[in-house]
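Structural overview
The lines below spell out each chain.
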Amino acid sequence: MKKRIAVLGSTGSIGTQTLSVIDDHCDLFEVEVLTAFNNFNLLIKQAIKFLPNVVVIGNEDHFGFVRDALENYDIKVYAGSEAINQVVEMQTIDIVVLGIVGISGLNPMLTALKNRKKVALANKESLVIAGDIISGTAIKNGAQIIPVDSEHSAIFQCLMGELDNPVQKVMLTASGGPFYNLDRDNFIYVKPEEALNHPNWNMGPKVSIDSATLMNKGFEAIEAKWLFNLSPQQIEVIIHRESIVHSMVYFTDGTVKTLLSNPDMRINIQFALTYPNRVSNSIPQLDLLKTGTLNFLRPDVKKFRNLALAFKALNTGGNMPCILNAANDIAVNAFLKSKIGFHNIPYFIEKTMNVIPVIEKPGLSDYIETDRLTRIKAKEIIKYKNNII
Ligand code: MG
């Protein structure tokens, strides 16, 4: 029996790479659901190629266009965010690939877990915002989360077969992004298009900026806490420019396990879909002789202050990671629109983190409210600062 896949966020970076994996293994997988928010042209093309049972376009303005374009196909077309959430409940779905960026991934994630779906998780924000609720929902329903992100996929694979063996710590590897060697004084000149250009990984725009500021690694530390039930003290970050080693697990007996591969998201996506099995593919194998020396450095948190802010949020807990995420969203958007400089992104995030009330044990509605409030406040702070300069 082929595994039936729902690809949420099918037109994004993870979505398109997931479809490329499915295309290479059409004997193993079939597409049951495709959803996208805005990119209706690509969604229509994907639907015609993969012939899913259901297609959802998030932005309702495009519904008529998508419906008309697919009217000669046996494909149901729905629209709206709630429809994206509802299709996840379909009994015919075996695996949900969560490739939606941002807080929009939170509800579909919870719905998938409540319906005991296997979730291939690429959405970072849902675990950053409400990790306790997500891990609690997964445990309560016996649903499995298989991480897609290279670092968490590596840790997940290092832990396979380890059962209850105690973990000393995990070390997340970070490429350092495009500006790791740039002098801090020159951050002021960084342009959005330069920050969007990651040296090693092919990723969407939001993750690319977060990689350039190292916020991405901070988010990954928070994700790791929830995915692997770790304390903040058990999570460290190490800079590894070559992106060949994808994180490490230190065990209490002195053994360190790691996972090596070429930096290609399709490898992790494929593993999340075939887990616990491995199948061959046409992705080039790692050639260590060609790679040469592998280097490791201590991260510079003075230069990349976002990483320090993320660890502060991780240590504070409660709704602080949710505040961090929303403030970062607003700051990154302002940078992409050239309203603030690259060097100022952490400044605005920290200012916002300092003014939103901390809730120690938030519920889901507290997280939603924190997110809403933080976005308003962060925009106010940026606007105020821009007006007085
Ligand atoms: Mg990563």
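Just so it is clear, the model here is predicted, and its values are computed rather than measured. (Residues numbered from 1 in each chain as written. Predicted model: local features only at pLDDT ≥ 70, side-chain atom pairs only at ≥ 80, totals over all residues. Heavy atoms only, no water.)

1. So, the overall build of the protein chain
- In terms of helices and strands, the protein chain carries 16 helices and 11 strands.
- What you see for the protein chain is a C-alpha radius of gyration of 21 Å, in line with the 21 Å of a compact globule of 389 residues.
- Expressed along its principal axes, the backbone C-alpha trace of the protein chain runs to roughly 55 × 55 × 40 Å.
- For the protein chain, with 389 residues in total, the buried portion stands at 54%.
- Accessible surface, the protein chain: about 17700 Å² in total, of which carbon and sulfur atoms supply 50%.
- Between the mean site of the 39 positive side-chain charges and the mean site of the 39 negative ones, the protein chain shows a separation of 4 Å. (Helix = DSSP H or I, 4+ residues; strand = E, 2+ residues; numbered from the N terminus. Rg over C-alpha atoms; globule rule 2.2 N^0.38 Å. Buried < 20%, exposed > 50% of the residue type's maximum accessible area, 1.4 Å probe, protein only. Areas by Shrake-Rupley, 256 points an atom, 1.4 Å probe, with all protein chains shown as cover. Lys, Arg positive; Asp, Glu negative; His and termini not counted. Charge placed at Lys NZ, Arg CZ, Asp CG, Glu CD.)

2. Considerations on the coordination of the magnesium ion
- Protein ligation of the magnesium ion involves Asp 149 (OD), Glu 151 (OE), Glu 151 (OE) and Glu 220 (OE), the donor distances falling in the range 2.1 to 2.8 Å.
- Linear spacing of the donor residues for the magnesium ion on their chain is D-x1-E-x68-E. Of the two residues, Asp 149 sits in the loop between strand 7 (145–147) and helix 7 (150–158) while Glu 220 sits in helix 10 (residues 215–228), which places them 71 residues apart along the sequence.
- Its relative accessible area of 12% is what places Asp 149 among the buried residues. (Donors = N, O, S within 2.8 Å, 3.2 Å for Na, K, Ca; no water.)

3. Comments concerning helix 14 (residues 320–336)
- Along its 17 residues, helix 14 runs 24 Å from first to last C-alpha, staying within 8% of the 24 Å computed at 1.5 Å per residue.
- Of all 17 residues in helix 14, 15 are buried, a share of seventy percent or more.
- Looking one or two places after helix 14, you find Ser 338, whose phi comes out positive at around 60°. (Expected span 1.5 Å × (residues − 1).)

4. Some remarks on the pattern of salt bridges
- Taken as a whole and judged by the stated rule, the model has 19 salt bridges.
- The shortest N-O distance in the salt bridge between Glu 125 and Lys 206 comes to 3.5 Å. Taken together, the residues span a long stretch of sequence, with Glu 125 in helix 6 (residues 125–141) and Lys 206 in helix 9 (residues 205–213) at a distance of 81 residues.
- Here Arg 375 ties to Asp 329 by a salt bridge, and the two come within 2.9 Å at their closest N and O atoms. Taken together, the positions of Arg 375 in helix 16 (residues 364–388) and Asp 329 in helix 14 put the pair 46 residues apart, joining distant regions of the chain.
- The class for Arg 375 is buried, based on a relative accessible area of 19%.
- Owing to a relative accessible area of 14%, Asp 329 belongs among the buried residues under this scheme.
- Each of Lys 124, Asp 149, Glu 151, Lys 217, Glu 220 and Glu 223 takes part in one network of salt bridges that share partners. (Salt bridge = Lys/Arg side-chain N within 4 Å of Asp/Glu carboxyl O.)

5. Focus: the domain arrangement of the protein chain
- Here the protein chain is described as being made up of domain 1 (3–147), domain 2 (149–264 + 272–315) and domain 3 (317–389).
- One C-alpha centre belongs to domain 2, the other to domain 3, and the line joining them spans 24 Å.
- Summed over both partners, the interface of domain 2 with domain 3 buries about 1800 Å², with 73% contributed by carbon and sulfur atoms.
- In terms of surface lost to domain 3, no three residues of domain 2 exceed Pro 192, Leu 309 and Ala 313, which account for 26% of the buried area on that side.
- Linking Lys 206 and Asp 329 is a salt bridge whose minimum nitrogen-to-oxygen distance equals 3.6 Å.
- The tally of links from domain 2 across to domain 3 stands at 3 residue pairs in polar contact (both at pLDDT 80 or more).
- The set of elements that each furnish at least two residues to the side of domain 2 that touches domain 3 consists of helix 8 (192–195), helix 9, helix 10 and helix 13 (305–316).
- The element contributing the most residues to the side of domain 2 that touches domain 3 is helix 13, with 8 residues. (Domains from an automatic or database assignment. Buried area = accessible area lost by both parts, 1.4 Å probe. Polar contact = N/O pair within 3.5 Å; in protein donor to acceptor, adjacent residues only side chain to side chain.)

6. Section: the packing of helix 6 against helix 14
- Two elements in contact, helix 6 and helix 14, have axes whose closest approach is 7 Å; the angle formed by their N-to-C orientations is 155°. When the axes of helix 6 and helix 14 are compared, the pair comes out roughly antiparallel. With respect to the hand of their crossing, helix 6 and helix 14 are arranged in left-handed fashion. Seen from helix 6, the contacting residues are Glu 125, Val 128 and Ile 129; seen from helix 14, they are Pro 321, Cys 322 and Asn 325.
- Of the residues in the contact of helix 6 with helix 14, the class split is 4 nonpolar, 1 polar and 1 charged. (Axes fitted to C-alpha atoms, helices over the stretch in contact; angles between N-to-C directions. Parallel < 35°, antiparallel > 145°, perpendicular 65-115°, else oblique. Left-handed = near helix turned anticlockwise from the far one by under 90°. Contact = heavy atoms within 4.5 Å. Nonpolar A, V, L, I, M, F, W, Y, C, P; charged D, E, K, R; others polar.)

7. Describing the layout of surface pockets
- The calculated volume of the second largest pocket comes to roughly 700 Å³.
- Elements represented by at least two residues in the lining of the second largest pocket include exactly helix 6, strand 8 (167–174) and helix 10.
- Of the residues in the lining of the second largest pocket, the class split is 15 nonpolar, 4 polar and 3 charged.
- Counting residues domain by domain, the lining of the second largest pocket receives three or more from each of domain 1 (3–147) and domain 2 (149–264 + 272–315). (1 Å grid on protein atoms, 1.4 Å probe; cavity = no way out; pocket = protein on both sides within 12 Å on 5 of 7 lines; lining within 4 Å. Points joined across faces, edges and corners; volume = space filled by probe spheres on them.)

8. A short note on empty space enclosed by the protein
- All told, the structure shown has 1 cavity of 30 Å³ or more when counted by the stated rule.
- The volume enclosed by the largest cavity comes to roughly 40 Å³.
- What lines the largest cavity is simply Ser 20, Val 21, Asp 24, His 25, Arg 266, Gln 270, Asn 281 and Ile 283.
- No other element matches the 3 residues that helix 1 (residues 13–24) contributes to the lining of the largest cavity.
- Residues of the lining of the largest cavity, tallied by class, amount to 2 nonpolar, 4 polar and 2 charged.

9. Let's talk about the sheet that holds strand 7
- Across the sheet, which stays open at both edges, the 7 strands sit in the order 4-3-2-1-5-6-7 with parallel pairing between neighbours. Each having just a single partner strand, strand 4 (76–79) and strand 7 make up the two edges of the open sheet. Averaged over all pairs of adjacent strands, the angle between strand axes in this sheet comes to 20°, irrespective of strand direction.
- Here strand 6 (residues 118–121) runs beside strand 7; their pairing, made up of 3 bridges, is parallel. Looking across to strand 7, one finds that Ala 120 is bridged to Ile 146.
- Lying over the sheet, helix 2 (residues 40–50) contacts strand 2 (29–36) and strand 3 (54–57), oriented at roughly 160° with respect to strand 2. (Pairing = 2+ DSSP bridges.)

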